[in-house]
Each structure stands twice: as structure tokens, then as C-alpha cells.
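Residue strings, one per chain:
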Amino acid sequence: MNALAIPLVVMIGLMLFELWVLKNFRGQVIPWVDVIFNLNSGHILMWLFRGVEIACFAWVLNYFSFDLFSSVSPWVCWVFTFFAWDFCFYWLHRLHHQWRFLWAIHEVHHQGEHYNLSLGIRNSWYSSLSSIPFFTILAVMGVPLEIFITVSSIHYAVQFYNHNDVVGHSGILERFMITPAHHRIHHGANKQYINTNYGGTFLWWDKLFGSFQPELTEVSIVYGVPKTTKTNNPFWASNLPFFRFLRLKEPNIKPGKVFPVSIKLLATGGVLLFGIVLYYIHHEGTWEQKWHQPILFTLILSATLTLGAISDGKVWGWLGWIAIGLLLAFCGLFYLPVVDIFGVLLFSTLLLHTFLSFGYVIRNNGKGIEASSLSED
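Per an unreviewed UniProt entry, the chain goes by Sterol desaturase/sphingolipid hydroxylase, fatty acid hydroxylase superfamily and derives from Pragia fontium DSM 5563 = ATCC 49100. The Subcellular location (unreviewed entry) comment attached to the chain in UniProt states, word for word, "Endomembrane system".

Rendered as C-alpha cells:
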């Protein structure tokens, strides 16, 4: 069993709770299309690439390490790594904004037009791969793998928290830490805010290297990336920026006729699928047959693409979601098979969702709507 799934469960619980708070106490409409893309922007693939990042760190540690921490107290290594990791992240983040190739990877995170906790998990498929060069120095120095993984997880938790829209200002913490108020500015598309506040946990890197920008009371923050092709399909979202980087003609991904979107079905389907991703992570490496894991992986990845197509108004997204959802549910209930109560409930609910989706498609067959229109049915 993989214990790393547990903090991810907590994360999605906090995300859903924040959306409930924003809806019921601030009267905000939940932007489900954005939220579901953020949840399913390819996390099953990003999980794989995070494994590649860790494997590269371990390889460098084994073969090219100077082993600088072998004769010092473990606490020295922990404290050093905690601050050094954040320093490395600052330059990772800054260069992802300043180098066009790296921006083609990082742009996906900034395309979100609504600021909430779900934005904190919106990333390009390739974000972990592009992190490898920036953290390899820690492996060369001899930082143990378990310390690297633990420290990075702590910092990523802080960064997830900093994407919340509930906390306004954080008092004295804003003098030395990146807070939600500081990071909201970083996501601003306003000319006054672009390319500022790169820090992950600590604010002093921005102040030391001249990239700190306080909030301007007269400038309201505008989120998103101007002049970018808007898509909710994680395949295109992660790869279209490279067409612009290479100055290639972008493919036409807009549908000729937009199929109506059921926000309720999209939202429940997206949360269900992310739950299956968590189930996959928790049970990784425990399947009886060697083909169980790659089959489940492929079906989950395919389902994320169909959800994106649904959000983009493409009828094939619904058809693909129904077909892949049936296969995924059958795989979980009969092929693996899943026997624990949570897994049975999860895959059974997915099976029910595919039938409801089929009924929705039949009811709306032949109906085309404007691209900006969404159904609440």
C-alpha cells in the first residue's frame, strides 16, 4: 500500500470544503469546468513522472554523490535541505517564467482563471520532469532520498495551501513567508504583477533577488494567460504551448458544433475519476497480475482526456467517457477484482455514472449550442 495517497485524500477534501465555503458564504458560483480540469489535468501521468524524478534523484545520489552529510547530525541535513530545497524551487520557478521552453511547461498552471485550492494541483504533464535539473544538486551533495521526498512534500503542501481563496492576509507571516495574498499576486496577469513573487515557502528569496511585489490596492488581480488557446483537454493543454514555442501552426481544436455540457455530470465524473486515481496510487504495486497496473493506468489516463473533451463541448468526449467508464468499472469490479468496500463503492458509482451519462447523451442527441453555453441539467 502507498501511504502517499492519504495526504492526497486530505487535499481533495479541503478543496471541496473550500468550494462549499466560497459558494455558501461568499455567494460565488463554483467554476466546475475549471475545477475538474485542475483535478484531472493528467495527474495519473504526473504521478508516473514524479516517480521518474525520484528515480533520477536516487540514481545521481548512488553514483555521483559527494556524501557531504555522512559525518554530520541528521538534524543538520534536515534543516539544510528544508531551506536549500526552497532556494532551488525559487530558481526553478523563476526560470520557468523567463525561459520560453520552460514557460511552455509552466503556462498550464497559470491558465486557470479562478483562484482556489484546485488551482494548486493544476499542472502540465511534464512539470516533474522539468524539475529534475534544479533538484539534482541536492543529490550530488548527498541529501538522503527519504529527506528529499519528505521535505519536498512539506513544501508542496504549503504551496497547495497558498492557492486558497478563503484566507485574506496572514499578518506577521507575510514578512517572511509566501502567503495566499503574495501568491495571488504571482498569478495576476496584470502588467504590475507579472513575473513577481516566485517563492514557494519563504519570501526572502524574492526580496533578495528583487522579484517581490506587494499588493496594490488600486489594481484588481486578473487571472489567466492572455492570448492563449483555451482548452480543457489535458493533452492539448500540456502540448499546445510547445507549438507556440516552436512557432508551429496550432491545430484547430475547436468543435464545429458544441455539444451541451451537464455541469452536474461533469463535476461528479471528475471527482469520481480523481478518487480512482487516488485508489490507484494507494494500491500501486499490489495487483496480483503484472498487467493489472498498466491496464488501469491506461484507462484512467484515457478517461481524463474524455472529460476534457466533454468540457470542450465535443460529443466524442461523452461517447468516450461512457465506453472507457464501462471498461474501467468492469476492470475494477470483475477483472482485478477490487474487494475492499471503498473500491467497490467507487467503481460501482462510476458504473452508475456511465449509465446516467448515456441517458443524458440520448436526451440531448442532435442539440448543438454556442461554445459559451453550459447546461445545468
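Right, picking up where we left off after that structure.
## A few points about the overall build of the chain
Of the regular secondary structure elements, the chain holds 14 helices and zero strands. If you list the helices and strands of the chain from N to C, you get α-α-α-α-α-α-α-α-α-α-α-α-α-α. Whereas a compact globule of 377 residues would reach a radius of gyration of roughly 21 Å, the chain reaches 22 Å, a difference of no more than 12%. Dimensions of the chain, computed from C-alpha atoms along their principal axes, come out at roughly 65 × 55 × 45 Å. By residue count, 53% of the 377 residues in the chain fall in the buried class. Residue pairs in contact within the chain that sit at least 24 positions apart in sequence constitute 77% of those at least 6 positions apart. In the chain, which carries 22 positive and 21 negative side-chain charges, the distance between the mean positions of the two groups comes to 9 Å.

## Digging into the confidence of the model for the chain
With 96% of its residues at a pLDDT of at least 70, the chain reaches an overall mean of 92. In the predicted structure, residues 370-377 sits below a pLDDT of 50 and forms 15 contacts with residues beyond four places in sequence or in another chain.

## Examining helix H5 (residues 100-110)
Among the 11 residues in H5, eight count as buried, and that is most of the element. Among all positions in H5, only Leu-102, Ala-104, Ile-105, His-106, Glu-107, Val-108, His-109 and His-110 are buried. Those residues of H5 hidden inside the fold are in contact with helix H2 (32-39), helix H4 (74-98), helix H6 (127-141), helix H8 (180-186) and helix H10 (234-245).

## Considerations on the pattern of salt bridges
Between side chains of opposite charge, pairing is possible as soon as their charged atoms come close. Under the counting rule described, the total for this entry stands at six salt bridges. A salt bridge links Glu-53 to Arg-50, with the nearest nitrogen and oxygen atoms 3.1 Å apart. Residue Glu-53 and its partner Arg-50 are both found in helix H3 (residues 43-64); the two are separated by three residues, about one turn of the helix. Look at Glu-53 and you get buried, because its relative accessible area is 4%. For Arg-50, a relative accessible area of 15% corresponds to the buried category.

## Focus on the packing of aromatic side chains
Here the structure, examined in full by the defined rule, presents 35 aromatic pairs. Between Tyr-115 and Tyr-223 the ring centres are 5.3 Å apart and the planes differ by 25°, which places this aromatic pair in the stacked class. Of the two residues, Tyr-115 sits in the loop between H5 and H6 while Tyr-223 sits in the loop between helix H9 (204-208) and H10, which places them 108 residues apart along the sequence. Owing to a relative accessible area of 5%, Tyr-115 belongs among the buried residues under this scheme. Here the aromatic residues Phe-82, Phe-83, Phe-87, Tyr-90, Trp-91, Tyr-198, Phe-202, Trp-204, Trp-205 and Phe-209 are joined through ring pairs into a cluster of three or more.

## Side note on the UniProt feature "domain: Fatty acid hydroxylase" (unreviewed entry) in the chain
The UniProt entry lists residues 78-211 under the feature "domain: Fatty acid hydroxylase" (unreviewed entry), expressed in the numbering used here. Along residues 78-211 one finds 57% helix and 0% strand; the C-alpha atoms at either end are 27 Å apart.

## Section: the nonpolar core
Counting 58 residues, the largest nonpolar core has Trp-32, Tyr-280, Leu-296, Ile-300, Leu-328 and Phe-347 as its most contacted members. Only helix H1 (5-26), H2, H3, helix H11 (263-282), helix H12 (292-311), helix H13 (315-335) and helix H14 (341-363) provide two or more residues apiece to this core. The element that contributes the greatest number of residues to this core is H11, accounting for 13 residues. Setting aside residues up to four positions removed in sequence, Trp-32 forms contacts with Leu-16, Leu-19, Ile-263 and Ala-267. Judged by nonpolar contacts, the second largest core, of 23 residues, contains Val-60, Phe-134, Phe-135 and Phe-148.

## Quick word on the environment of Lys-207
Relative to the helices and strands, Lys-207 is located in helix H9. Assessed through its relative accessible area of 48%, Lys-207 is described here as partly exposed. For the pair Lys-207 and Asn-197, spaced 10 residues apart in sequence, the C-alpha to C-alpha distance is 8.8 Å.

## Quick look at the packing of H3 against helix H7 (residues 145-161)
Taken N-terminus to C-terminus, the directions of H3 and H7 make an angle of 140°; their axes are 10 Å apart at the nearest point. Remark: the crossing between H3 and H7 carries right-handed chirality. Residue-level contacts link Arg-50, Glu-53, Ile-54, Phe-57, Ala-58 and Leu-61 of H3 to Leu-145, Phe-148, Ile-149, Ser-152 and Tyr-156 of H7.

What counts, and where the lines are drawn
Residues numbered from 1 in each chain as written. Predicted model: local features only at pLDDT ≥ 70, side-chain atom pairs only at ≥ 80, totals over all residues. Heavy atoms only, no water. UniProt positions renumbered as here; feature names shortened; annotations may be inferred. Helix = DSSP H or I, 4+ residues; strand = E, 2+ residues; numbered from the N terminus. Rg over C-alpha atoms; globule rule 2.2 N^0.38 Å. Buried < 20%, exposed > 50% of the residue type's maximum accessible area, 1.4 Å probe, protein only. Contact = heavy atoms within 4.5 Å. Lys, Arg positive; Asp, Glu negative; His and termini not counted. Charge placed at Lys NZ, Arg CZ, Asp CG, Glu CD. pLDDT = per-residue confidence, 0-100. Salt bridge = Lys/Arg side-chain N within 4 Å of Asp/Glu carboxyl O. Phe/Tyr/Trp six-rings, centres within 6.5 Å; stacked < 30°, edge-to-face > 60°. Core = buried A, V, L, I, M, F, W, Y, C linked by side-chain atoms within 4.5 Å. Axes fitted to C-alpha atoms, helices over the stretch in contact; angles between N-to-C directions. Left-handed = near helix turned anticlockwise from the far one by under 90°.

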